[in-house]
Every structure is written in C-alpha cells, then in structure tokens.
Amino acid sequence: LEAQAPAQIAAADSADALTAARNALVGRQAGALTALMNALGELPKDDRREAGARANKLKVALEEALDLRRAQLAAQAASSGPSLDLSMPARERWQGTVHPVSLVIDEVVEIFRELGFTIALGPEAEQSWYNFGSLNFPPDHPAMDMHDTLYLAQDQLLRTHTSPVQVRTLQQYAPPIRILAPGNVYRRDFFDPSHAPMFAQIEGLVVDEGVSFADLKATLSHFARRYFGAQTKTRFRPSFFPFTEPSAEMDVQCGVCGGSGCGVCKHSGWVEILGSGMVHPAVLENSGLDSEKYTGWAFGMGPARTAISRHGIPDIRILYDSDVRFLDQFGK
Ligand code: PHE
C-alpha cells in the first residue's frame, strides 16, 4: 500500500476519480488502509505498536497527497474553462437611422429656422371648425364629406391638413408671426403606390403688417434653392384653396432626382413641391385679427413627396413598411 497508493492518487484525473481513490484507500467502509488498521488487533502484542505507528504515518501521508491532488485538479479546471479568443471581432452594434421623411422635415425646418421661423404644433384630433370652417371652406365643400375625411364624432375629426395650426397660432400669438408646423394628417384613402391614409405635412405661415405676395415668392424660391441646390428653377402656377387668395402651387424644375429618369419628373419636366397663397382675409378675421391691418402668406408641403422625388422611390408604401433593409440606407 505504501508503494502503490501515491501512484493511485496521482492517476486520478477528475474529481470523481479522486473521490473513488479516497474511498478505496481511506474510506470508512471499504478503504484498504482502514481495513489494515482494523486488523492491527490481531497482530502479536510486540508487533502491534510499531505497525500501528507506521499505519498512522501512512494515513497522514495519504490524506496530504489526496488534498494536494484535489487542489491540482481544481486549479486545472479553473484554467481550462471556455476559451476566450481575444482576437475575435466584436459583434457590430446595431444603430437605428432617421426616417427619410423625418430627414426632409429636419432639413426644411432648419432652412426656415435661418429665416426666423419657429415651430408650432396642433392636435391631430381636431374640431371640424379649425380644419374647415375657420379656413373659409363653404359648408358644402366636398372635402368635408365622410368619403374624404375621417370623422371621430360630428364636430371632431382627424385633421386632413396642417392648416388648422394657422388659425390656432393666430388666436394665440400676436403678429409678427413666422411659424412652421410639421405634423401628420389623415385622409380617407386606401394605400396605393401614391396615396396613404396618413402622411406628414409641413405648414408655413407668415403674418405681419405689409406682407406681400413678393415675400411669398422670394422666400419659397430661396427655400427651393437652399434645399435643391443654388441652380434650382422654380415656377408658380395659379391654384385654388379656400383659405388663400390668390393661391399658387410651386414647381421646381426636374433634376432634383437625377433628371428625366425619375418617375415624378418624366412628363412635364417640373415637379410640384407645395401649395401656397396669401392668407384669405376671412381666415384672419376668423382668428380675431384685423384683415385691414394685417396680411400674410402660407404654404403646405408633403415631405413624403419630396423624399420620393429626391430618392426616386417608386412606391410610397415602402415609407410605411419599417423594413430595415430600406430604412438603413438613410440618415446614418
Ligand atoms: N392645406 C393645403 C393642402 O393640404 C396646402 C396649403 C397650405 C395651401 C397653406 C395653401 C396654403 O393641400
């Protein structure tokens, strides 16, 4: 036993194997040394003392050897855990992007901020008076029809444009006023490549003494050159809105989206950017202002349309899809 036990302990290559070796050597039930010590009584009295001392010494030595081996195995287990590859590249961190429509809004806001415009907001759930009545819509105007407008109650609707923010702002603040009102609007349309039931608009409003149509043209042309490039040509076409008189739509010459190849420009060579006009005196009066004293102009644009012509997007529905493969290309 003295000769064999140390090798037996050293050969134990796991915690379980070591426990087995311990039981086989010094275990109470089946230990070889235990059996030997129990047998000491059978020896002749003269031999017993010496044999007992020798057995005790062996017992201490075995316990020490077992403890040492246990520490060795524990150290081995600790150092050979799951391996750590320090050269492995870190997992790329996923980063969101600004939505292309939000990018247009941010840029438009920034350009008008340079001209002294501030931001105004209004509710999306709006009273029909603010959405229509105050804006000089006649009571039988087709836009007010249930087929075009999403009503919440008889006099409550989802605003169909951001123009009600004009009246809310004029009621709340005294001129001079220069505001931009970005926000979502709702119309009773089904999704198709060029329509959506909800989309963003940006409203602009200037009211002061002596504001003229020349201010409107100069400011909106300046905006077009800042947004689309210094060479951008604009044209104003007569139009009609109940809340502006006269009214005009502003087009910019194609090239904004890389020339004739883009779907929006291919027919006329011009693309419509916004609707605008001089604020109708009735709107000023409905807002509590003296229309003899004050004049103003306003515009409304759809940033989704701008994003579409800028990037040559063939179907607006992709702007609503939250498809990261599409969205990831913008606003990094
Ligand atoms: N509210 C109009 C629309 O939704 C746009 C507009 C705003 C026109 C302000 C003139 C002045 O089409």
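Looking at an unreviewed UniProt entry, the protein carries the name Phenylalanine--tRNA ligase alpha subunit, with the source organism given as Pseudogemmatithrix spongiicola. Regarding the protein, the UniProt comment filed under Subunit (unreviewed entry) reads as follows: "Tetramer of two alpha and two beta subunits." The annotation that UniProt attaches to the protein under Catalytic activity (unreviewed entry) is "tRNA(Phe) + L-phenylalanine + ATP = L-phenylalanyl-tRNA(Phe) + AMP + diphosphate + H(+)".

(A) Quick look at the overall build of the protein. Broken down by element type, the protein carries eleven helices and ten strands. Taking 20 Å as the expected radius of gyration for a compact globule of 332 residues, we find that the protein reaches 42 Å, considerably beyond that expectation. Overall, the C-alpha framework of the protein stretches about 135 × 45 × 35 Å when taken along its three principal axes. A total of 332 residues make up the protein; the buried ones form 38% of that total. Element-wise, carbon and sulfur atoms account for 52% of the exposed surface of the protein, whose accessible area totals about 19,200 Å².

(B) Highlighting the nonpolar core. In this structure, Val108 and Trp297 are the most contacted members of the largest nonpolar core, which totals 39 residues. Broken down by secondary-structure element, the contributors of at least two residues to this core are α5 (100-113), β6 (198-208), α8 (213-228), β8 (244-253), β9 (270-279), β10 (295-301), α10 (303-311) and α11 (324-327). With eight residues, the single largest contributor to this core is α5. Leu135, Leu170, Ile179 and Leu284 belong to the second-largest nonpolar core, a separate cluster that totals 21 residues.

(C) Summary view of the sheet that holds strand β2 (residues 125-127). Read across the open sheet, the three strands follow the order β2-β4-β3; overall the sheet is antiparallel. Looking at strand neighbours, the two that pair on one side only are β2 and β3 (151-153), the edges of this open sheet. The sheet shows a mean angle of 35° between the axes of neighbouring strands, taken without regard to direction. Relative to strand β4 (residues 156-158), β3 is paired through two bridges, and the arrangement is antiparallel. Paired with Ala153 across the strands is Gln156, a residue of β4.

(D) Local environment of the packing of helix α2 (residues 15-26) against helix α4 (residues 45-79). Packing of α2 against α4 leaves a shortest axis separation of 10 Å and a crossing angle of 175°. Of the possible angle classes, the one that applies to α2 and α4 is roughly antiparallel. Every residue of α4 that contacts α2 at Ala15, Leu18, Arg22, Leu25 and Val26 is listed here: Leu62, Glu63, Leu66, Asp67, Arg69, Arg70 and Leu73. Classifying every residue of the contact of α2 with α4 by side-chain character gives seven nonpolar, no polar and five charged.

Criteria and cut-off values
Numbers given to residues run from 1 along each chain, matching the order in which its sequence is written. A pLDDT threshold of at least 70 governs which residues receive local features in this predicted model, and a stricter bar of 80 or more applies before side-chain atom pairs are shown or counted, although totals over entire chains, interfaces and linings include all residues. Hydrogens and water are ignored here; the side-chain numbers use all heavy atoms of the structure. UniProt positions are given in the numbering used here, feature names are shortened, and annotations may be inferred rather than shown by experiment. A run of H or I in DSSP becomes a helix once it reaches four residues, and a run of E becomes a strand once it reaches two; helices and strands are each numbered from the N terminus. It is over C-alpha atoms that the radius of gyration is taken, and the globule rule equals 2.2 Å times the number of residues to the power 0.38. Exposure classes here rest on a 1.4 Å probe applied to the protein chains alone. A residue is buried below 20% of its type maximum, exposed above 50%, and partly exposed in between. Per-residue and other accessible areas follow the Shrake-Rupley method at a 1.4 Å probe size, with only the shown protein chains counted as cover for residues. Definition of nonpolar core: a set of buried residues of the types Ala, Val, Leu, Ile, Met, Phe, Trp, Tyr and Cys, connected through side-chain atoms within 4.5 Å. Two strands qualify as a pair provided that DSSP identifies no fewer than 2 bridges between them. Orientation is described by lines fitted to C-alpha atoms, with helices fitted over the stretch in contact, and by angles between N-to-C directions that extend from 0 to 180 degrees. In what follows, roughly perpendicular refers to angles from 65 to 115 degrees, roughly parallel to angles under 35, roughly antiparallel to angles over 145, and oblique to any angle outside these ranges. Contact between two residues is taken to exist if any of their heavy atoms lie within 4.5 Å; hydrogens are not considered. All residues other than Ala, Val, Leu, Ile, Met, Phe, Trp, Tyr, Cys, Pro, Asp, Glu, Lys and Arg, Gly among them, are scored as polar; the first ten of these are nonpolar and the last four charged.

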